Amino acid sequence: MDEERAWWKEAVVYQIYPRSFNDSDGDGVGDLQGIIDRLDYVASLGADVIWLNPVYDSPQADNGYDIRDYRAIYDEYGTMADWEELLAEVHDRDMRLIMDLVVNHTSTEHEWFQQSRRDEGGYRNYYFWREGDAEHPPNNWKSGFGGSAWASDEEAGMQYLHLFDETQADLDWDEAAVREDVYDLINWWLEKGIDGFRMDVINLISKPEGLPDGDPEQDWVGIEHFANGPRAQEYLAEMAAETYDNYDAMTVGECVGIDVETASDYVSADGPMDMVFHFEHMQVDMGDRWLSPAEWDLSDLKAVMSYWQTELDGWNSLYLTNHDQPRIVSRFADDDEYRVESGKLLGTLLFTLSGTPYVYQGQEIGMTNYPWSGLDELDDLQSIGKVEEAIEAGEIDGFEEVQDIVRARSRDNARTPMQWDDSENAGFTNGDPWLAVNPDYEDVNVAAAEADPDSVLHYYRELVDLRDAHAVFVYGDYELLLPDHEEVWAYRMELDEEAVLVALNFSDTETTVTLDPAAAVGDLLVSNYDEQHPNGTELTLRPYEARVYSLN
Ligand code: TEU
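Residues numbered from 1 in each chain as written. Predicted model: local features only at pLDDT ≥ 70, side-chain atom pairs only at ≥ 80, totals over all residues. Heavy atoms only, no water.

Engineer: Talk me through the overall build of the protein chain; I want residue IDs and the actual numbers.
Structural biologist: Tallying secondary structure elements over the protein chain gives 18 helices and 22 strands in all. Here the C-alpha radius of gyration of the protein chain, 23 Å, is about what a compact globule of 552 residues would show, namely 24 Å. C-alpha atoms of the protein chain, sized along the principal axes, occupy 75 × 50 × 50 Å. When contacts within the protein chain are restricted to residue pairs at least 6 apart in sequence, long-range pairs at least 24 apart make up 69% of them. (Helix = DSSP H or I, 4+ residues; strand = E, 2+ residues; numbered from the N terminus. Rg over C-alpha atoms; globule rule 2.2 N^0.38 Å. Contact = heavy atoms within 4.5 Å.)

Next up, the structure:
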């Protein structure tokens, strides 16, 4: 592959969810000083970039994705001075800081919305105001969190559009002043020294004229109209040219409902962003509805991820989880007997594909899903909204009926506090944590992982070193082997003179595969099992075993 090299292609990104990372002042909520206290740990992982979920001033209905003031810090997280200290401390450690850019919508407490609802200061058209009421909304679009995408506002005497919570009103990007104000705030942060952005649902910014009804059979009704809308590409190009293209910044746009062709328009050489987060591999265990049971096949996951490796015209992002997704050992492997092997197996996958890997806090110690047992334990608007919607529609009687699905799927699985040690509240806080700590914290925590040479944590460090030492894992060409095998995922990566073989057993039984004799195996570069079985073209892999061979 003739790939132009760039710092953000070679970077490892570590994602921090501030609310759940580390609480320095005992209020039960993580904060900026708490993050600063743990920066040496993050640097020790070999991370080059930190992505911080929203820390802006916000009423926190959706944990900061509802922004009240783009140029202020949420007071429970600290002050702007704390943020400046964080940036300086990150830079001192030769890391970079990127932040969430949430500009598809604002909080209804934002000054723009306040003036808009009162038709003051020229702000009326900043949002989508239409005639309608609860029985007769302007169209049939749904909120991603369940229920109608329209809410009534008494002051305005109209309804406004919200593709997420009703406190998150969608901005109308067709209004030129909206775009100018957004570009101003992006430049304001770039001037403060930030190194880039993760752009929240950025492909939803253009809604088609007339806001036509969507296909009622879709889980998210309207998505075919509001995802990759008619002017999305034009507005993204304008935004890039007016803002981050003038800086050495990295950008990754979260894009719901995007396929590899449309993504290529966004990330090809002259596209408006460096990378996208697509959802196709996150859909493999989704039924028609959020509440449909979770079943998945390895061959489906392989097919999707392989396709993005070979077909994307541009640079891949690599992620297996984030703050919206379940924990990966619970989702894709085993969080019980083989938890450690599983954590290492999935880490091997993440670090040996071509693209920029994103590690979500706790993934590096093999954190697991939480055993949720009632709606009152949950905070996630999506889980609560979807369950309540199903109860209201008479589809289910109560939480118990869908407990297994919520356990498997809730965004709160990722949001339980980071597990630092085996002290009370896993060392996250001296107060009452805002969300329950996972009961496995006495075994699964950073201190225990540091002390154990066989931990997932130490293995992650090994993987980062391996990736730094071999450009083939960053820039290599991917070739899937045994595409239909249901237990083993095997592939070759090749760059110039270097070739490697990756073999991953996703099952809890020993499995033997025969690889193309032309790919006879060479030196072992890394494995999650100590003692090696003899190798040859026949490879016997133990439960959740991962092996990476040099083919040179
Ligand atoms: O997520 C977009 C989004 O569509 C997700 O909520 C999605 O529904 C879910 O991850 C799949 O199960 C972004 C943010 O990452 C999320 O935290 C916000 O809640 C949302 O946008 C609204 O800003």
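Additional details are given in the paragraphs that follow.
Engineer: Describe a negative patch on the surface, and please don't skip the residues or the numbers.
Structural biologist: On the surface, Glu295, Asp297, Asp300, Asp484, Glu486 and Glu487 cluster together into a patch of negative charge. Among the secondary structure elements, Asp484 is positioned in the loop between β16 (477-481) and β17 (488-495). A residue is classified by how much of its surface remains accessible, and Asp484, at 66% relative accessible area, is exposed. (Patch = residues over 30% accessible without salt bridge, like charges linked within 9 Å, V, L, I, M, F, W, Y side chains within 5 Å. Areas by Shrake-Rupley, 256 points an atom, 1.4 Å probe, with all protein chains shown as cover. Salt bridge = Lys/Arg side-chain N within 4 Å of Asp/Glu carboxyl O. Lys, Arg positive; Asp, Glu negative; His and termini not counted. Charge placed at Lys NZ, Arg CZ, Asp CG, Glu CD. Buried < 20%, exposed > 50% of the residue type's maximum accessible area, 1.4 Å probe, protein only.)

Engineer: Summarise the sheet that holds strand β20 (residues 524-527); cite the residues concerned and give the values.
Structural biologist: Spatially, five strands are ordered β16-β17-β18-β22-β20 in an open sheet, and the strand pairing comes out antiparallel. Single-partner strands in this sheet number two, and they are β16 and β20. Averaged over all neighbouring strand pairs, the angle between strand axes comes to 15°, with direction disregarded. Sheet contacts for helix α12 (residues 339-352): β17, β18 (498-505) and β22 (546-550); angle to β18, the most-contacted strand, approximately 150°. Contacting β20 and β22, helix α17 (residues 456-469) runs over the sheet at an angle of about 150° to β20. (Pairing = 2+ DSSP bridges. Axes fitted to C-alpha atoms, helices over the stretch in contact; angles between N-to-C directions.)

Engineer: Would you mind going over the site of the ligand in detail, with residue names and values included?
Structural biologist: Lining the immediate surroundings of the ligand are 18 residues, of which Asp62, His105, Asp200, His323 and Asp324 lie closest. Asp200 is positioned with one of its side-chain polar atoms (N or O) 2.8 Å from an oxygen atom of the ligand. Protein coverage of the free-state accessible area of the ligand, which is 500 Å², stands at 93%. Grouping the constituent residues of the shell around the ligand by class yields six nonpolar, five polar and seven charged. In terms of domain composition, the shell around the ligand takes at least three residues from each of domain 1 (111-168) and domain 2 (177-315). (Near = heavy atom within 4 Å. Polar contact = N/O pair within 3.5 Å; in protein donor to acceptor, adjacent residues only side chain to side chain. Nonpolar A, V, L, I, M, F, W, Y, C, P; charged D, E, K, R; others polar. Domains from an automatic or database assignment.)

Engineer: I'd like a description of the pattern of salt bridges, backed by residues and values.
Structural biologist: Here the idea is simple: oppositely charged side chains can pair when their charged atoms come close. Taken as a whole and judged by the stated rule, the model has 28 salt bridges. The partner of Arg198 in a salt bridge is Glu254, and the shortest N-O contact between them spans 3.3 Å. Linking Arg198 in strand β11 (residues 196-199) with Glu254 in strand β12 (residues 250-254), this pair joins segments that are 56 residues apart in sequence. Glu254 carries the same exposure label as Arg198, and that label is buried. Three or more residues joined by partner-sharing salt bridges are found here, namely Asp62, Asp324, Asp380, Arg411 and Arg415.

Engineer: Would you mind going over the domain arrangement of the protein chain in detail, with residue names and values included?
Structural biologist: For the protein chain, the domain assignment lists domain 1 (111-168), domain 2 (177-315) and domain 3 (478-550). Its C-alpha centre places domain 1 at a distance of 54 Å from the equivalent point of domain 3.

Engineer: Give a detailed account of the packing of helix α9 (residues 260-267) against helix α10 (residues 298-311), specifying residues and quantitative values.
Structural biologist: Close contact between α9 and α10 brings their axes to 11 Å; oriented N to C, the two are set at 40°. Comparing the axis directions of α9 and α10 gives the class oblique. For the crossing formed where α9 meets α10, the hand is right-handed. Residues Val260, Glu261, Ala263 and Ser264 of α9 form the contact with α10, whose own contacting residues are Tyr307, Trp308 and Glu311. (Parallel < 35°, antiparallel > 145°, perpendicular 65-115°, else oblique. Left-handed = near helix turned anticlockwise from the far one by under 90°.)

Engineer: Go over the pairing of strand β15 (residues 356-360) with me, naming the residues and quoting the values.
Structural biologist: A large share of β15 lies buried, amounting to five of its five residues. The side-chain alternation of β15 yields two buried faces, one formed by Thr356, Tyr358 and Tyr360 and the other by Pro357 and Val359. Of the pairings in the sheet, the one linking strand β1 (residues 13-16) to β15 comprises three bridges and is parallel in character. Paired with Gln15 across the bridge in β15 is Tyr360.

Engineer: Pulling in residues and values, what's your account of the packing of α12 against α17?
Structural biologist: Their axes nearest at 10 Å, the elements α12 and α17 cross at an angle of 15°. As far as their axial angle goes, α17 and α12 are roughly parallel. In this structure, α12 crosses over α17, and the sense of that crossing is right-handed. Contact residues: α12 offers Val340, Gly343, Lys344, Gly347, Thr348 and Phe351, while α17 offers Val456, Tyr459, Tyr460, Leu463, Val464 and Arg467. Taken together, the residues of the contact of α12 with α17 sort by class into seven nonpolar, three polar and two charged.

Engineer: Summarise the environment of Arg467; cite the residues concerned and give the values.
Structural biologist: Looking at the element boundaries, Arg467 is found in helix α17. C-alpha separation for the pair Arg467 and Ala294, spaced 173 residues apart in sequence, amounts to 33 Å. When neighbours within four sequence positions are excluded, Arg467 is seen to be in contact with Lys9, Glu10, Ala11, Val12, Phe351, Gly355, Thr356, Pro357, Phe473 and Val474.

Engineer: Break down the environment of Pro543 for me, with residues and values.
Structural biologist: Mapped onto the fold, Pro543 is located in the loop between β21 (538-541) and β22. We classify Pro543 as buried; its relative accessible area is 12%. The sequence separation of Pro543 and Glu341 amounts to 202 residues, and the corresponding C-alpha distance is 8.0 Å. Setting aside its immediate chain neighbours within four residues, Pro543 contacts Tyr338, Glu341, Asn505, Ser507, Asp508, Thr509, Glu510 and Tyr529.

Engineer: Describe the sheet that holds strand β7 (residues 129-130), naming the residues involved and giving the relevant values.
Structural biologist: One open sheet holds the three strands; their spatial order is β7-β9-β8, and the pairing between them is antiparallel. Lying at the two open borders of the sheet, with one neighbouring strand each, are β7 and β8 (150-153).

Engineer: Got a sec to walk through the side chain of Asp440? Specific residues and values, please.
Structural biologist: Mapped onto the fold, Asp440 is located in the loop between α15 (412-415) and α16 (446-451). Although Asp440 is buried, it forms no salt bridge, and the closest oppositely charged side chain is Arg339 at an N-O distance of 5.8 Å. Not counting residues up to four positions away in its chain, the partners in contact with Asp440 are Thr368 and Gln419.

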